[in-house]
Every structure is written in C-alpha cells, then in structure tokens.
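Secondary and tertiary structure notes
Below, each chain spelled out in residue letters.
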Amino acid sequence: MSLSNLGYFSISNSAYQIQDMAAREMFQSLRQKYNLAKDNENNEIENQYLERTFSIVDFPVSTIRSWCFYNNSMIKSVSCSECKDILSSAFYYCINLISVSLPNCENIDRFAFFKCSSLRSLYIPACKTIGIKAFAECVNLQSVNLLTCSHVHEQAFMSCSNLRNVQLMQNV
C-alpha cells in the first residue's frame, strides 16, 4: 500500500502525516502551487525538488494539527490569518523556518515551534496561551510581543539564547 493512500506524503526524504482534511488540502495546494511531483512507487520526490523551499500563506484553516509539518526543512515562512490554533509539535524542528505571522492565532500548544533554529520573526498579536516549550531552542529569535497573552507556560522560550526583548501583558 502506498504511503499517499494512508495520508502520508514524502518530502525531502521524510514522510509527514497530514492528519485532517484541511491540512491535506493545504498540502496538496502547496504541491500544485510549487509544481512538486507526485509520489512515485518509492515514495520519494524527484531529486530536482529536494532542495526547494516554500512559504505557507493564507490557507483557509482554523487549526494546524499536531505533527503536521514536523521536521520539514522546506518551510521558510508561515502566514495564516484564519488560523486560531497551532497544536502540539505542528512545526517541531522546521530548521529553515524564518518567520511566523499568525495575526488571529489564540493558542499555540506545547512544542509547536520547538527547535525552529532559524526562526527570527514572530507576529502573534492575538495569542492568549503559549504552551510548554512552544518556542524552546529557537536560538535566533530576538524579540517577542505578547501583550494579549494571559498564560505563558513554563519553558516556553527555554534556550532562546538571542531573545533580548519580551513584552508581556501585565500580571502574566
């Protein structure tokens, strides 16, 4: 049985499970937009696409599910105005992710952006909750504005060695 029949797609020599229909449609749209080849019988993308990177821009999803883009080295930026929730480990270890803009996102679950070592820019003005280690080990993150965030769990920004400016809501 092909991995694609199980909801898996092979990118950059790794399989990613797309856990809900919205995420599956989003990923198929990315495939079409960037002219990515379909899976062959070996479940690998043609070599010419292995180094390609892309951005996720304004896809109509309210939730990005757990592990959806885990270890995906192709994603450079994420900008989704309709997204309200990022579930656990959704972008875990996306080492080339540089910027995140989620203007209406209210909840970022645990480990959501863990070890996104290239992450520099973070725009989450509506965020209310940030989970455990959500941005831990994002070593290039320099500034965070959390003026609407009422709950930041422990170690949310652990080992963010370049984080110099954090603006928080009063009494957080």
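Preceding this paragraph is the structure being described.
Now for a look at the structure at hand. Every value quoted in this text rests on a predicted model; they were computed, and no experiment measured them.

Describing the pairing of strand E11 (residues 143–146)
By the alternation rule, side chains of E11 split into Val144 and Leu146, which are all buried, and Ser143 and Asn145, of which none is buried. Where E11 meets strand E13 (residues 165–168), four bridges bridge the pair, whose relative direction is parallel. Looking at E13, one finds that Leu146 is bridged to Leu168.

Description of unusual backbone geometry
The residue Glu137 is not glycine, and still its phi comes out positive at about 65°. Note on placement: Glu137 falls in the loop between strand E10 (129–130) and E11. Residue classification places Glu137 among the partly exposed positions, given a relative accessible area of 27%. With a phi angle near 60°, Gln155 is a residue other than glycine that sits in the positive phi range. With respect to the secondary-structure elements, Gln155 resides in the loop between strand E12 (151–152) and E13.

Digging into a nonpolar patch on the surface
Taken together, the side chains of Trp67, Tyr70 and Tyr93 define a hydrophobic patch exposed on the protein surface, amounting to about 290 Å² of accessible area. Summarising the element assignment, Tyr93 is placed in the loop between strand E6 (85–86) and strand E7 (99–101). Classification of Tyr93 as partly exposed rests on a relative accessible area of 36%.

Cut-offs and rules
Residues numbered from 1 in each chain as written. Predicted model: local features only at pLDDT ≥ 70, side-chain atom pairs only at ≥ 80, totals over all residues. Heavy atoms only, no water. Buried < 20%, exposed > 50% of the residue type's maximum accessible area, 1.4 Å probe, protein only. Helix = DSSP H or I, 4+ residues; strand = E, 2+ residues; numbered from the N terminus. Pairing = 2+ DSSP bridges. Patch = residues over 30% accessible without salt bridge, like charges linked within 9 Å, V, L, I, M, F, W, Y side chains within 5 Å. Areas by Shrake-Rupley, 256 points an atom, 1.4 Å probe, with all protein chains shown as cover. Salt bridge = Lys/Arg side-chain N within 4 Å of Asp/Glu carboxyl O.

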